[in-house]
Amino acid sequence: MAALRAAVPVLALLGLCPGPAAAAAPLVIWHGMGDSCCNPVSMGYIKKLVEKKIPGIYVLSLKIGSSLMQDMENSFFMNVNAQVSEVCRQLAQDPQLQRGYNAMGFSQGGQFLRAVAQRCPAPPMLSLISVGGQHQGVYGFPRCPGESSHLCDWIRRTLDLGAYSKAVQEHLVQAEYWHDPLKEEEYRKNSIFLADINQERGINETYKKNLMALKKFVMVKFLNDTMVDPPISEWFGFYKSGQAKETIPLQETSLYKEDRLGLQQMDKAGKLVFLGVQGDHLHFSEEWFDSTILPFLQ
């Protein structure tokens with residue numbers, strides 16, 4: 001017994017003794033269109049669920065604006081580049097995040113957090129989980145969440161009239177990731193957000209380096225999605241250029257083949273994870289979340 005007691009400090013120095021379990025990395029959540037940071041049936045529920053399942057974890061659900069109503073309105077009308085800058089400011093000022101954090105974006109929050117990863121490497125994003133995010137954008141607005149249908153009808157009309165006009169690009173969030181496969185040149189030239197983060201106008205090596213620093217980039221696609229058009233955008237695929245019927249997976253896109261974002265290298269390194277779940281947009285069970293998503297956070 002005395003010999004064992006004497007050996008314990010040596011074993012500890014050698015790292016052979018089990019110590020306290022490492023705390024889970026903090027989690028940052030960004031909600032989708034028409035939602036807010038703290039809705040008790042959406043992001044508020046997810047926050048509490050993660051905190052319950054991973055005791056001691058720090059979870060920050062992002063709020064853009066001074067109130068929940070403003071947060072929701074900004075998901076429609078605040079310039080996405082300004083939103084990303086605001087989030088980068090919040091993350092940089094949060095002492096809980098300085099050693100790194102995981103990020104989980106829901107719907108448009110997925111591509112917005114990818115922009116954070118590419119543009120703001122400090123504090124470092126460790127892994128990104130995109131739940132229904134549209135990484136190649138959308139070319140359609142078939143259905144809207146919650147009670148926003150009248151607003152969505154107006155958005156559809158606005159997008160039809162001129163998605164790539166300067167005024168619409170700067171003031172309508174959904175226009176900033178509108179990707180018209182019949183007007184690729186106009187999209188590349190005038191899209192102020194998506195075309196930039198997808199390296200459509202040239203290669204920003206910093207964007208590529210920062211994204212490749214992720215340990216994992218998890219993309220969740222809803223297999224019965226009636227809100228995202230095309231649904232394959234949730235796996236970084238899109239329509240084949242010049243038409244709007246046939247879709248191609250990420251691996252067949254020029255973005256991947258030219259490796260403009262480093263996705264090809266990430267894929268070969270096992271950093272890209274493609275998950276499919278039965279259900280409509282953002283419809284999933286707690287059981288699925290527990291078994292499939294939580295392991296990436298622990």
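Residues numbered from 1 in each chain as written. Predicted model: local features only at pLDDT ≥ 70, side-chain atom pairs only at ≥ 80, totals over all residues. Heavy atoms only, no water.

Draft legend 1. Spatial organisation of the state of the cysteines. Tallying each qualifying case throughout the model produces 2 disulfides. Residue pairing for Cys 37: its cysteine sulfur links by disulfide to Cys 38, the two sulfurs lying 2.3 Å apart. One quick way to see it: the torsion about the S-S bond of Cys 37 and Cys 38 is about -90°, and its sign makes the bridge left-handed. Overall, the relative accessible area of 3% leaves Cys 37 in the buried class. By relative accessible area, Cys 38 is classed as partly exposed at 42%. (Disulfide = S-S within 2.5 Å. Buried < 20%, exposed > 50% of the residue type's maximum accessible area, 1.4 Å probe, protein only.)

Draft legend 2. Structural detail: the confidence of the model for the protein chain. For the protein chain, mean pLDDT is 90; residues scoring 70 or higher make up 90% of the total. Low pLDDT, under 50, characterises residues 1-20; the stretch is placed with 4 contacts to residues that sit more than four places away or in other chains. (pLDDT = per-residue confidence, 0-100. Contact = heavy atoms within 4.5 Å.)

Draft legend 3. Summary view of the packing of helix H4 (residues 80-93) against helix H5 (residues 108-119). Contact pair H4 / H5: the axes reach a minimum separation of 10 Å and the direction vectors enclose 60°. In terms of crossing hand, the pair formed by H4 and H5 is right-handed. Along the contact surface, H4 presents Val 80, Asn 81, Val 84, Val 87, Cys 88 and Leu 91, while H5 presents Phe 112, Ala 115, Val 116 and Arg 119. Considered class by class, the residues forming the contact of H4 with H5 number 8 nonpolar, 1 polar and 1 charged. (Axes fitted to C-alpha atoms, helices over the stretch in contact; angles between N-to-C directions. Helix = DSSP H or I, 4+ residues; strand = E, 2+ residues; numbered from the N terminus. Left-handed = near helix turned anticlockwise from the far one by under 90°. Nonpolar A, V, L, I, M, F, W, Y, C, P; charged D, E, K, R; others polar.)

Draft legend 4. Spatial organisation of the packing of helix H2 (residues 43-53) against helix H13 (residues 286-293). Between H2 and H13, whose axes approach to 12 Å, the crossing angle comes to 55°. Taken as axis vectors, H2 and H13 run oblique relative to one another. The interaxial crossing formed by H2 with H13 has right-handed handedness. Contact with H2, carried on its side by Tyr 45, Ile 46, Leu 49, Val 50 and Lys 53, involves Glu 286, Phe 289 and Asp 290 of H13 and no other residues of that element. (Parallel < 35°, antiparallel > 145°, perpendicular 65-115°, else oblique.)

Draft legend 5. Local environment of the environment of Leu 113. Its place among the elements puts Leu 113 in helix H5. When the C-alpha positions of Leu 113 and Cys 88 are compared, they lie 9.7 Å apart, and in sequence the two are 25 residues distant. Beyond its immediate chain neighbours, meaning those up to four positions away, Leu 113 contacts Val 28, Trp 30, Leu 62, Ala 103, Met 104, Gly 105, Met 125 and Leu 128.

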